[in-house]
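# Chain and residue survey
For reference, the chains in residue letters:
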Amino acid sequence: TYRMVLSAAFNLPSLIEDAKTKGELSVVDARNMMHKVSLRMQDPEVLEKVAKLCSVSVAMNDSPEAKQIELARKHTVVQNVMVADVYLTEKEGSVSLVQELGFGEGEEGYIRMQSALAEHQGDPLITQYVGAAMMKLLTSAGIDMEALQRGEA
């Protein structure tokens with residue numbers, strides 16, 4: 001399972017034990033958590049940060065290769081902002097989102113959260129929450145998903 005992969009990759013055998021002792025996260029709890037995540041993803045400060053970091057192009061020309069490199073750079077920016085600013089940053093004197101949701105601090109808390117939520121990643125409501133928020137983040141990054149799907153970007 002995904003939990004086993006995370007446990008081995010990050011040397012956290014307690015992930016397996018957590019699942020055995022605490023049981024699986026309910027779909028209702030997972031939905032509530034991912035709703036909070038999606039709201040944080042759409043926070044104006046997060047969207048603005050992504051837009052600012054992605055606004056400066058590093059492409060040297062308009063070749064397909066240069067466009068792919070630029071697209072990869074923007075995706076990396078989105079991923080980095082998601083982990084750092086959505087999940088791990090303490091907001092306005094409060095705790096980080098992973099702490100607020102009861103998974104502990106820092107990267108280990110993030111891994112614990114991902115492990116607990118893995119069982120529900122295919123839930124339609126969670127997919128809707130995350131999909132809509134991700135589209136806003138990608139738009140802020142200057143990534144036109146419709147053009148990409150048409151093969152135009």
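Procedures and definitions
Residues numbered from 1 in each chain as written. Predicted model: local features only at pLDDT ≥ 70, side-chain atom pairs only at ≥ 80, totals over all residues. Heavy atoms only, no water. Core = buried A, V, L, I, M, F, W, Y, C linked by side-chain atoms within 4.5 Å. Buried < 20%, exposed > 50% of the residue type's maximum accessible area, 1.4 Å probe, protein only. Helix = DSSP H or I, 4+ residues; strand = E, 2+ residues; numbered from the N terminus. Contact = heavy atoms within 4.5 Å. Expected span 1.5 Å × (residues − 1). Arc of directions from axis to C-beta. Polar contact = N/O pair within 3.5 Å; in protein donor to acceptor, adjacent residues only side chain to side chain. 1 Å grid on protein atoms, 1.4 Å probe; cavity = no way out; pocket = protein on both sides within 12 Å on 5 of 7 lines; lining within 4 Å. Points joined across faces, edges and corners; volume = space filled by probe spheres on them.

Bringing the nonpolar core into the picture now. Val 37, Tyr 87, Met 113 and Leu 137 are the most contacted members of the largest nonpolar core, which totals 30 residues. Sort the elements by how many residues they give to this core and helix H5 (residues 64–88) lands first, with seven residues. Other than its neighbours up to four places away in sequence, Leu 137 contacts Met 41, Val 46, Leu 47, Val 50, Val 78 and Met 82.

Over its twelve residues, helix H4 (residues 44–55) extends 16 Å from the first C-alpha to the last, a length consistent with the 16 Å expected when each residue adds 1.5 Å. All of the buried residues along H4 are Val 46, Leu 47, Val 50 and Cys 54. Seen from one end, H4 has its buried residues packed into an arc of 100°, which puts them on one side. Exposed residues lying more than 90 degrees from the buried face of H4 are Pro 44, Glu 45, Glu 48, Lys 52 and Ser 55. On its buried face, H4 is in contact with helix H3 (27–41), H5 and helix H8 (124–140). At the N-terminal boundary of H4, the capping side chain belongs to Asp 43, with an oxygen 2.8 Å from the backbone nitrogen of Glu 45.

The next subject is the side chain of Arg 112. Inspection of the secondary structure assignment puts Arg 112 in helix H7 (residues 106–117). Judged by relative accessible area, Arg 112 falls into the buried class, the value being 17%.

With respect to the helices and strands, Pro 64 occurs in helix H5. Taking the C-alpha atoms as reference points, Pro 64 and Gly 104, separated by 40 residues in sequence, lie 43 Å from one another.

With that settled, the discussion passes to the layout of surface pockets. Roughly 330 Å³ of volume is contained in the largest pocket. Around the largest pocket sit 17 residues that line it, and Met 34, Tyr 87, Gln 114, Leu 117 and Gln 121 are the ones nearest its centre. Every element with two or more residues in the lining of the largest pocket is listed here: helix H1 (2–9), H3, H5, H7 and H8.

Quick look at the environment of Met 135 now. Here Met 135 is to be found in helix H8. As a C-alpha pair, Met 135 and Gly 102 span 33 residues in sequence and 27 Å in three-dimensional space.

So, to be careful, I would describe these as geometric facts and stop short of saying anything about function.
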